[in-house]
Amino acid sequence: MSSATQSIPTQESLRIEGDINLSPHRQAWHNRHTDEETRRLLAVDADYFLHQAMSTPCLNVLRSAKGAWLEDIEGRRYLDFHGNNVHQVGFGHPRVVAAVIDQINRLPFCTRRYTNEPAIHLAGKLVGFAPDDLSRVLFAPGGTSAIGMA
């Protein structure tokens, strides 16, 4: 092969992360290691959810998560190394669950027409971590809303 031919990208070299899990080899492995119900639910998920260009398709169907462990609907347990925010305390950490339940039982939502002690306390902590010229906070339901509000 000439060097000019070798520099032309092939279909295989242009694959993105999500495509890797769609390969025939990955699909064959998946079919050998998952049951019919798991495959059915993953197919329904793919029908209803939009996957971004770099998003990896769902690999499995989970039943539960506790501490650092995930359990799929077939009863297999996995140590989770994925890296989303929950990993500092683990899934379902008893102190976090208790705090969430306590807050939901007392005051599940508060519009900005009113205030409450937990919100004031959190705002004060956040201001304490921020640089001196950032002395106020505004809570938003999510990142997109925060950008829109800004």
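Refer to the structure above for everything that follows.
Calculation rules
- Residues numbered from 1 in each chain as written.
- Predicted model: local features only at pLDDT ≥ 70, side-chain atom pairs only at ≥ 80, totals over all residues.
- Heavy atoms only, no water.
- Pairing = 2+ DSSP bridges.
- Helix = DSSP H or I, 4+ residues; strand = E, 2+ residues; numbered from the N terminus.
- Phe/Tyr/Trp six-rings, centres within 6.5 Å; stacked < 30°, edge-to-face > 60°.
- Lys NZ or Arg CZ within 6 Å of the ring centre and 35° of its normal.
- Polar contact = N/O pair within 3.5 Å; in protein donor to acceptor, adjacent residues only side chain to side chain.
- Contact = heavy atoms within 4.5 Å.
- Axes fitted to C-alpha atoms, helices over the stretch in contact; angles between N-to-C directions.
- Salt bridge = Lys/Arg side-chain N within 4 Å of Asp/Glu carboxyl O.
- Buried < 20%, exposed > 50% of the residue type's maximum accessible area, 1.4 Å probe, protein only.

Colleague: Could you clarify how one ought to interpret the pairing of strand S1 (residues 62-66) in this entry?
Modeller: In summary, the side chains of a regular strand alternate between the two faces of the sheet. Bridging between S1 and strand S2 (residues 69-72) involves four bridges; their strand directions are antiparallel. Its bridge partner lying in S2, serine 64 is registered against glutamate 71. Counting the residues between successive antiparallel strands, the hairpin from S1 to S2 contains two residues, one of them, glycine 67, with a positive phi of roughly 65°.

Colleague: What is the right way to read the packing of aromatic side chains from this model?
Modeller: Each aromatic ring pair is summarised here by two numbers: the centre-to-centre distance and the angle between the ring planes. Scanning the model with the defined rule gives zero aromatic pairs in all. Stacked on the ring of tryptophan 69, the Lys or Arg arginine 77 has its end atom at 4.3 Å from the ring centre.

Colleague: Help me understand the side chain of asparagine 116, please; the structure alone is not making it clear to me.
Modeller: Counting through the fold element by element, asparagine 116 comes out in the loop between helix H5 (94-106) and helix H6 (117-129). Of the polar contacts made by the side chain of asparagine 116, one reaches the backbone nitrogen of alanine 119; its length is 3.0 Å. Those residues in contact with asparagine 116, other than ones at most four positions away along the chain, are Leu107 and Cys110.

Colleague: Is there a simple way to think about the environment of leucine 138 in this case?
Modeller: Take leucine 138: it is sitting in the loop between H6 and helix H7 (143-149). Counting along the chain gives twelve residues from leucine 138 to alanine 150, while the straight-line C-alpha distance between them is 9.4 Å.

Colleague: Sorry if this is basic, but what is going on with the sheet that holds S2 here?
Modeller: The strands making up a sheet are joined through hydrogen bonds of the backbone, oriented either antiparallel or parallel. With antiparallel pairing, three strands are arranged side by side in an open sheet as S1-S2-S3. In the strand order of this sheet, the two ends are held by S1 and strand S3 (77-79), each with one partner. When strand polarity is set aside, the average angle formed by the axes of neighbouring strands in this sheet is 25°.

Colleague: Would you explain the pattern of salt bridges in this entry?
Modeller: For side chains of opposite charge, pairing can occur when their charged atoms come near one another. On inspection of all chains with the given rule, the structure shows five salt bridges. Between glutamate 74 and arginine 76 there is a salt bridge, with its nearest N and O atoms 3.1 Å apart. The partly exposed category is assigned to glutamate 74, whose relative accessible area is 28%. Each of Asp72, Glu74 and Arg76 takes part in one network of salt bridges that share partners.

Everything listed here is a matter of geometry and, on its own, says nothing about what the molecule does.
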